[in-house]
Amino acid sequence: QKARIGVTGLAVMGSNLARNLARHGFRVAVHNRSAAKTKALVEQYGSEGEFVPAETTADFVQSLQKPRQVIIMVKAGGPTDAVIDELAELMEPGDMIVDGGNAHFADTRRREKALKERGLHFVGTGISGGEEGALNGPSIMPGGSAESYQHLGPVLEAIAAQVDGVPCCTHVGEDGAGHFVKMVHNGIEYADMQLIAEAFDLLTNVAGMTPAEIADVFRSWNTGDLESYLVEITAEVLGHVDAATGKPFVEIIADQAEQKGTGRWTVQEALELGVPVTGIAEAVFARSLSGHVGQRAAAQKVLPGPSSKPSIADRDAFVEDVRQALYASKVVAYAQGFDEIRTAADTYGWQIDLGSMATIWRGGCIIRARFLNRIKDAYDKDGSLPSLLVDEYFADAVIKAQESWRRVVVAATGAGVPAPGFSSALSYYDALRAERLPAALIQGLRDFFGAHTYRRVDKGDASFHTLWSADRTEQNA
Ligand code: NBP
């Protein structure tokens with residue numbers, strides 16, 4: 001009997017995904033470049049379901065029922081291309097190759113196009129939730145053709161996380177749409193973590209609280225609007241004590257945050273698309289700054305902070321202000337991320353249902369959070385919402401938070417505590433709602449030095465240029 005689906009690449013992600021498939025009753029073919037991993041998987045977990053091990057790629061492909069469906073879980077980049085080439089040689093028109101790795105969506109578009117010419121379906125698929133998610137139910141974001149989803153959908157939906165009986169998997173859109181959405185998911189994750197880190201910093205350095213006290217604060221926040229996986233695990237990490245020193249664990253970790261690149265991709269692509277994702281960009285830059293150890297050491301020696309720090313009269317009130325600022329800034333980060341997805345969909349011709357994206361992020365993935373239900377409601381009400389911030393619920397939330405938000409940014413500035421996430425989110429809010437922006441002056445300057453022209457508030461779309469170096473009369477441009 002042939003296997004329903006196959007997984008090649010049996011490192012931590014691939015083997016957990018294969019086990020997840022087997023546990024859900026799918027007969028799963030398994031293959032890895034070095035056969036030892038395949039053998040180990042079947043020996044250790046063979047009792048969990050029906051595995052069909054294969055030593056060679058040819059045997060692996062032969063063991064699959066048609067149309068064949070293979071999930072690739074190998075290292076992104078060159079290794080993925082190598083595996084695709086090998087599989088494509090052995091497959092037949094109508095077969096499907098799913099790339100579950102963290103590929104750049106542009107690579108996915110390129111691969112999809114090339115394989116389509118050979119009659120094969122290539123389905124770039126975002127998979128979030130790490131190794132735990134792969135085993136117990138990830139959030140799955142498949143791109144590729146609608147036709148391929150008819151075959152793959154039932155399998156992927158079965159192994160995905162389920163929330164209120166709804167699978168955290170849906171067909172995102174054509175070609176690279178799935179990997180694009182996964183990329184933005186990771187970008188939002190960067191912003192979310194940066195905001196959490198700033199809240200921790202403010203509670204430590206403005207309110208003078210200990211990690212254990214802040215852990216309790218996050219634990220209580222996790223019972224309200226902020227309820228989310230990241231807030232939950234923040235309480236865990238802050239509450240943890242280092243066994244070797246007896247100190248709070250967070251105090252013995254080197255303060256340099258690393259990155260694998262999906263946040264940077266999100267910002268790079270936002271720059272290309274012209275979408276201001278300031279929250280994600282600040283988060284990427286904040287990680288980068290933390291790693292510039294030499295500069296930081298030099299600056300510590302010569303650059304003092306404010307001479308006097310504002311004191312916090314009412315600690316509980318400040319904690320509540322920080323909670324409000326965190327929530328409002330988080331709403332901004334999501335609004336920006338969804339803006340990027342919507343703009344990319346327009347640019348690349350993807351039919352992406354934004355409400356469904358919020359739905360499939362409710363479980364399995366790192367940014368799973370209670371408030372994603374609100375995002376789904378917002379897009380269900382109005383699919384062409386110009387910004388999440390103008391949805392009734394979110395507008396109300398940020399308006400209610402705004403006084404707290406401003407107090408927190410003022411407190412951070414006064415105390416000399418960096419809060420790029422909170423303050424850039426607040427600036428975004430203020431810029432978006434401003435009746436007049438100083439962009440008018442920028443256009444004036446551009447016209448002055450470069451004859452770049454400007455439009456007038458009273459003359460529609462017509463462009464004008466002022467003869468700055470002559471008599472300063474205005475001309476139609
Ligand atoms: P790795 O990214 O560490 O890749 C190891 C796998 O790639 C092994 O099976 C290895 O085979 C195979 N491989 C390599 Br390396 N070069 C190959 C080649 N030229 N031909 C064939 N196979 C090759 O594994 P992972 O951490 O399980 O992640 C798999 C994918 O899932 C990655 O794209 C990753 O970005 C993505 N992802 C990971 C996570 C996570 O939390 N780890 C989450 C979401 C997505 P070998 O055993 O023979 O060396």
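Please refer to the structure placed before this passage.
Here is what the cut-offs are and how they apply
Residues numbered from 1 in each chain as written. Predicted model: local features only at pLDDT ≥ 70, side-chain atom pairs only at ≥ 80, totals over all residues. Heavy atoms only, no water. Near = heavy atom within 4 Å. Polar contact = N/O pair within 3.5 Å; in protein donor to acceptor, adjacent residues only side chain to side chain. Areas by Shrake-Rupley, 256 points an atom, 1.4 Å probe, with all protein chains shown as cover. Helix = DSSP H or I, 4+ residues; strand = E, 2+ residues; numbered from the N terminus. Buried < 20%, exposed > 50% of the residue type's maximum accessible area, 1.4 Å probe, protein only. Arc of directions from axis to C-beta. Contact = heavy atoms within 4.5 Å. Axes fitted to C-alpha atoms, helices over the stretch in contact; angles between N-to-C directions. Left-handed = near helix turned anticlockwise from the far one by under 90°. Nonpolar A, V, L, I, M, F, W, Y, C, P; charged D, E, K, R; others polar. Pairing = 2+ DSSP bridges. Expected span 1.5 Å × (residues − 1). Core = buried A, V, L, I, M, F, W, Y, C linked by side-chain atoms within 4.5 Å. Patch = residues over 30% accessible without salt bridge, like charges linked within 9 Å, V, L, I, M, F, W, Y side chains within 5 Å. Salt bridge = Lys/Arg side-chain N within 4 Å of Asp/Glu carboxyl O. Disulfide = S-S within 2.5 Å. Right-handed = clockwise from strand over helix to strand, strands pointing away.

(A) Molecular detail of the site of the ligand. Residues in close proximity to the ligand total 19 residues, the closest being Met-13, Asn-32, Arg-33, Ser-34 and Lys-37. In this structure, Asn-102 approaches the ligand through a main-chain N or O atom, which is 3.2 Å from an oxygen atom. Here the ligand, which alone exposes 910 Å², has 75% of that area covered by the protein. When contributions to the shell around the ligand are tallied by element, the ones reaching two or more residues are helix H1 (12-23) and helix H4 (78-90).

(B) How the structure looks around helix H10 (residues 229-239). Of the residues making up H10, those classed as buried are Leu-230, Val-231, Thr-234, Ala-235 and Leu-238. Along the long axis of H10, the arc covered by the buried residues comes to 145 degrees, so they all point the same way. Buried-residue contacts for H10 involve helix H8 (177-205), helix H9 (211-221) and helix H11 (249-252).

(C) Representation of unusual backbone geometry. Of the consecutive residues Lys-66 and Pro-67, the connecting peptide bond is found in the cis state with omega at -10 degrees. In this structure, Asp-175 is a non-glycine residue whose phi angle is positive, near 30 degrees. When you line up the elements, Asp-175 lands in the loop between strand S9 (166-167) and H8. Residue class for Asp-175 comes out buried when judged on its relative accessible area of 13%. With a phi close to 50 degrees, Ala-451 is a non-glycine residue in the positive phi region. By the element assignment, Ala-451 lies in the loop between helix H20 (439-450) and strand S10 (454-455).

(D) Region of interest: the packing of helix H15 (residues 315-348) against helix H19 (residues 420-433). Where H15 meets H19, the closest approach of the two axes is 9 Å, and the angle between their N-to-C directions is 65 degrees. In this structure, H15 meets H19 at a crossing whose hand is left-handed. Residues Ala-325, Leu-326, Ser-329, Val-332, Gln-336 and Asp-339 of H15 pack against Gly-421, Phe-422, Ala-425 and Tyr-428 of H19. Looking at the contact of H15 with H19, its residues break down into 6 nonpolar, 3 polar and 1 charged.

(E) The arrangement of the pairing of strand S5 (residues 96-99) in detail. Burial along S5 is two-sided: the residues Met-96 and Val-98 and Ile-97 and Asp-99 are all buried. Here strand S4 (residues 69-72) pairs with S5 via 4 bridges, running parallel. Within S5, the residue paired with Ile-71 across the bridge is Val-98. Here S5 pairs with strand S6 (residues 121-128) via 4 bridges, running parallel. The residue of S6 that forms the bridge with Met-96 is His-121.

(F) Region of the structure containing H1. Its 12 residues place the ends of H1 16 Å apart at the C-alpha level, agreeing with the 16 Å of an ideal helix rising 1.5 Å per residue. For H1, the buried fraction is high: 9 of the 12 residues fall into the buried class. Residues of H1 that are buried include every one of Gly-14, Ser-15, Asn-16, Leu-17, Ala-18, Arg-19, Asn-20, Leu-21 and Ala-22, and no others. In the stretch just after H1, Gly-25 is the one whose phi turns positive, near 85 degrees.

(G) Highlighting the nonpolar core. Judged by nonpolar contacts, the single largest core of 92 residues is most densely connected at Trp-221 and Trp-361. It is H15 that contributes the most residues to this core, 16 residues altogether. Apart from the residues within four sequence positions on either side, Trp-361 is in contact with Ser-139, Met-141, Val-181, His-185, Ile-188, Phe-338, Ile-341, Ile-367, Arg-368, Ala-369 and Leu-372. By size, the runner-up hydrophobic cluster in this structure holds 27 residues, among which are Met-73, Val-98, Val-123 and Leu-156.

(H) Structural context of the sheet that holds S10. With respect to topology, 3 strands assemble into an open sheet ordered S10-S11-S12, the strand pairing being antiparallel. Sheet topology places S10 and strand S12 (474-476) at the edges, where each strand pairs with a single neighbour. In this sheet, S12 lies alongside strand S11 (residues 463-466) in antiparallel orientation, the contact comprising 3 bridges. What sits directly across from Phe-464, in S12, is Asn-476.

(I) View of a nonpolar patch on the surface. A cluster of nonpolar side chains, Leu-441, Leu-445, Phe-448 and Phe-449, forms an exposed patch at the surface whose accessible area comes to about 480 Å². As for its placement among the helices and strands, Phe-448 is situated in helix H20.

(J) A look at the state of the cysteines. In the structure shown here, the tally under the stated rule is 0 disulfides. The closest cysteine sulfur to the non-disulfide-bonded Cys-168 is located on Cys-365, 7.1 Å from its own sulfur. For Cys-168, a relative accessible area of 0% corresponds to the buried category. Looking at Cys-169, it has no disulfide partner, and the nearest cysteine sulfur is the one in Cys-168, 8.9 Å off.

(K) Region of interest: the pairing of strand S2 (residues 28-31). Neither face of S2 is left uncovered, since the one carrying Val-28 and Val-30 and the one carrying Ala-29 and His-31 both have all their residues buried. Relative to S2, strand S1 (residues 5-8) is paired through 4 bridges, and the arrangement is parallel. Pairing of Gly-6 across the sheet is with Ala-29, part of S2. Since S1 and S2 lie parallel, the crossover through H1 that links them has a hand, and here it is right-handed. Looking at chain direction, S2 and strand S3 (residues 51-53) are connected through 3 bridges and run parallel. Bridge pairing links Ala-29 to Val-52 in S3. Handedness of the crossover joining S2 and S3 through helix H2 (residues 35-45) is recorded here as right-handed.

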